[in-house]
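In case you want the letters, here they are:
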Amino acid sequence: MSGDSDCTRTTSPSAGSPSDNEFLPDRPKYVCSLSPDLITKAREELQEKPEWRLRDVQALRDMVCKDYPSLGTCLDDAFLLRFLRARKFDYDRALQLLVNYHTCRRSWPEVFNNLKPSAIKPVLESGFVTVLPRLDPEGRHVVCIRPDRWTPSNYPITENIRAIYLTLEKLIQSEETQVNGIVILADYKGVSLSKASHFGPFVAKKVIGILQDGFPIRIKAVNIINEPRIFKGIFAIIKPFLKEKIANRFFLHGCDLNSLHQNIPPVILPEEYGGTSGKLDISTWNELLLASEEDFLHDFSQLVLPCDSSPHDTLVSGDADEKQCDDSLRGMKPQLYYCY
């Protein structure tokens, strides 16, 4: 991810002024890395036509410069393509997703300030989040989340969210992931009432807002394993914020590994989940993410939203939402105790 975010320098020079070319930014030339099969899949599922791809990117770039000239976003072809693919090349929806992406980053400083792999190293070392080494049959990465690895007294829940966000940022750099999407495997073994209480409606709404409407990734399935009775209360908090399409992609397996294996084959799962790929290895993903420190610092340095910029149609509305969610949390706590 690189390139100039100044929209005033992205428009084509007018006829008769060829000397202006020297002032245009040198953007990296996009080269498609998709296989022929994935190009076909992108055409069929995402409405992506290779012959129109760069035209579509330029159309989105023009919309950003016209409607949000101070957004402070990267305008490279490869970066904008993420948003077009995530919204099936619908210009308006892709633009809103891009705006939401920046709005989310600005509205939650506890998560997005100083966001880099080294800052969340304790979370990575705990094994709270990792990515399985092998892809599923659909070519999708499996993100494994284990809340029982988190000790609340060590660091706040926002550190876990930072680790998940950086994991997704790393994954979405791949064009294959942009087309295929990802699968989530969440193991709720050992999640207690006290730990669940940290994930109230305010945090839930923000996290789900990012995943549904503020990040260019396609979540194709969420597999929940070993969920205790308390998960009914957790899901009661989450569900009001889920769109029906996403809610239908949640699969609750309980302790039934055979049920899990119908969604994720044993050949790519670690032994902990009845798989045949050996013990769960977190070191490989941790090393990959930590080795990307400089890339993240460079990329995120271009995503600075100026203080005087106020994108409309924001995803998160601030204090009012926080008060409303606090009120909702008081109403949800009896449900949590009842389920526990």
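To be clear, the structure that these remarks concern was listed above.
Rules and cut-offs
- Residues numbered from 1 in each chain as written.
- Predicted model: local features only at pLDDT ≥ 70, side-chain atom pairs only at ≥ 80, totals over all residues.
- Heavy atoms only, no water.
- Helix = DSSP H or I, 4+ residues; strand = E, 2+ residues; numbered from the N terminus.
- Buried < 20%, exposed > 50% of the residue type's maximum accessible area, 1.4 Å probe, protein only.
- Contact = heavy atoms within 4.5 Å.
- Areas by Shrake-Rupley, 256 points an atom, 1.4 Å probe, with all protein chains shown as cover.
- Salt bridge = Lys/Arg side-chain N within 4 Å of Asp/Glu carboxyl O.
- 1 Å grid on protein atoms, 1.4 Å probe; cavity = no way out; pocket = protein on both sides within 12 Å on 5 of 7 lines; lining within 4 Å.
- Points joined across faces, edges and corners; volume = space filled by probe spheres on them.
- Nonpolar A, V, L, I, M, F, W, Y, C, P; charged D, E, K, R; others polar.
- Domains from an automatic or database assignment.
- Axes fitted to C-alpha atoms, helices over the stretch in contact; angles between N-to-C directions.
- Parallel < 35°, antiparallel > 145°, perpendicular 65-115°, else oblique.
- Pairing = 2+ DSSP bridges.
- Phe/Tyr/Trp six-rings, centres within 6.5 Å; stacked < 30°, edge-to-face > 60°.
- Polar contact = N/O pair within 3.5 Å; in protein donor to acceptor, adjacent residues only side chain to side chain.

Draft legend 1. Representation of the overall build of the protein chain in the model. Secondary structure summary: the protein chain contains 16 helices and 5 strands in total. Counting every position in the protein chain, which comprises 340 residues, the buried fraction comes to 51%. Here the contacts in the protein chain between residues at least 6 apart in sequence split such that 79% fall between residues at least 24 apart. Within the structure as shown, the protein chain displays about 16,200 Å² of accessible surface, and the carbon and sulfur contribution to it stands at 52%.

Draft legend 2. Representation of the pattern of salt bridges within the structure. Across all of its chains, the model carries 12 salt bridges by this definition. One salt bridge connects arginine 85 with glutamate 175, and the closest N-O pair in it is separated by 2.8 Å. In this pair, arginine 85 is assigned in helix 3 (residues 77-86) and glutamate 175 in helix 8 (residues 175-180), connecting sequence segments 90 residues apart. Two residues, lysine 243 and aspartate 213, come together in a salt bridge whose shortest N-O distance is 2.5 Å. Of the two residues, lysine 243 is situated in the loop between helix 11 (230-238) and helix 12 (244-247) and aspartate 213 in helix 10 (residues 201-213); the sequence distance between them amounts to 30 residues. Several salt bridges converge on common partners, so that one network encompasses Glu48, Arg53, Arg85 and Glu175.

Draft legend 3. Region of the structure containing the layout of surface pockets. Here the largest pocket is characterised by a volume of approximately 1,200 Å³. Looking at side-chain class alone, the lining of the largest pocket contains 33 nonpolar, 4 polar and 10 charged residues. Formed jointly, the lining of the largest pocket draws a minimum of three residues from each of two domains, domain 1 (36-107) and domain 2 (119-292).

Draft legend 4. Just the packing of helix 2 (residues 53-67) against helix 3, in detail. Following both chains from N to C, one finds helix 2 and helix 3 inclined at 90 degrees, their axes separated by 9 Å at the closest point. Between helix 2 and helix 3, the crossing angle belongs to the class labelled roughly perpendicular. Between helix 2 and helix 3, the contacting residues are Arg53, Leu54, Asp56, Val57, Leu60 and Arg61 on the first element and Asp77, Leu80, Leu81, Leu84 and Arg85 on the second. Broken down by class, the residue content of the contact of helix 2 with helix 3 amounts to 6 nonpolar, no polar and 5 charged.

Draft legend 5. Representation of the pairing of strand 3 (residues 182-187). For strand 3, the buried fraction is high: 6 of the 6 residues fall into the buried class. Residue alternation in strand 3 divides its side chains into two sets, Ile182, Ile184 and Ala186 and Val183, Leu185 and Asp187, and both sets are buried. The sheet contact formed by strand 2 (residues 141-145) and strand 3 spans 5 bridges and is parallel. By the bridge assignment for strand 3, cysteine 144 is matched with leucine 185. Where strand 3 lies against strand 4 (residues 219-225), 6 bridges are found, and the strand directions are parallel. Opposite alanine 186, over in strand 4, you have isoleucine 224 as the bridge partner.

Draft legend 6. Seen up close, the packing of aromatic side chains. In the structure shown here, the tally under the stated rule is 7 aromatic pairs. Ring plane angle 65 degrees and centroid distance 5.2 Å describe the contact between phenylalanine 79 and phenylalanine 83, whose orientation is recorded as edge-to-face. One end of the pair, phenylalanine 79, and the other, phenylalanine 83, are both in helix 3, 4 residues apart, so they sit about a helical turn from each other. On the basis of relative accessible area, phenylalanine 83 is assigned to the buried category, the value being 0%.

Draft legend 7. Focus on the sheet that holds strand 1 (residues 129-131). The strand order 1-2-3-4-5 describes an open sheet built from 5 strands, whose pairing is mixed. At either margin of the open sheet sits one strand with a lone partner, and together these are strand 1 and strand 5 (250-252). Each adjacent strand pair in this sheet contributes to an overall mean axis angle of 20 degrees, direction not counted. Alignment of strand 1 against strand 2, held across 3 bridges, turns out to be antiparallel. If you follow threonine 130 over to strand 2, its bridge partner there is cysteine 144.

Draft legend 8. Just the side chain of asparagine 223, in detail. Topologically, asparagine 223 is positioned in strand 4. With a relative accessible area of 1%, asparagine 223 lands in the buried category. In terms of polar contacts, asparagine 223 uses its side chain to reach the side chain of histidine 253, at 2.8 Å. Setting aside chain neighbours within four positions, we find asparagine 223 in contact with Val183, Ile184, Leu185, Ala186, Phe251, His253, Leu260, Asn263 and Ile264.

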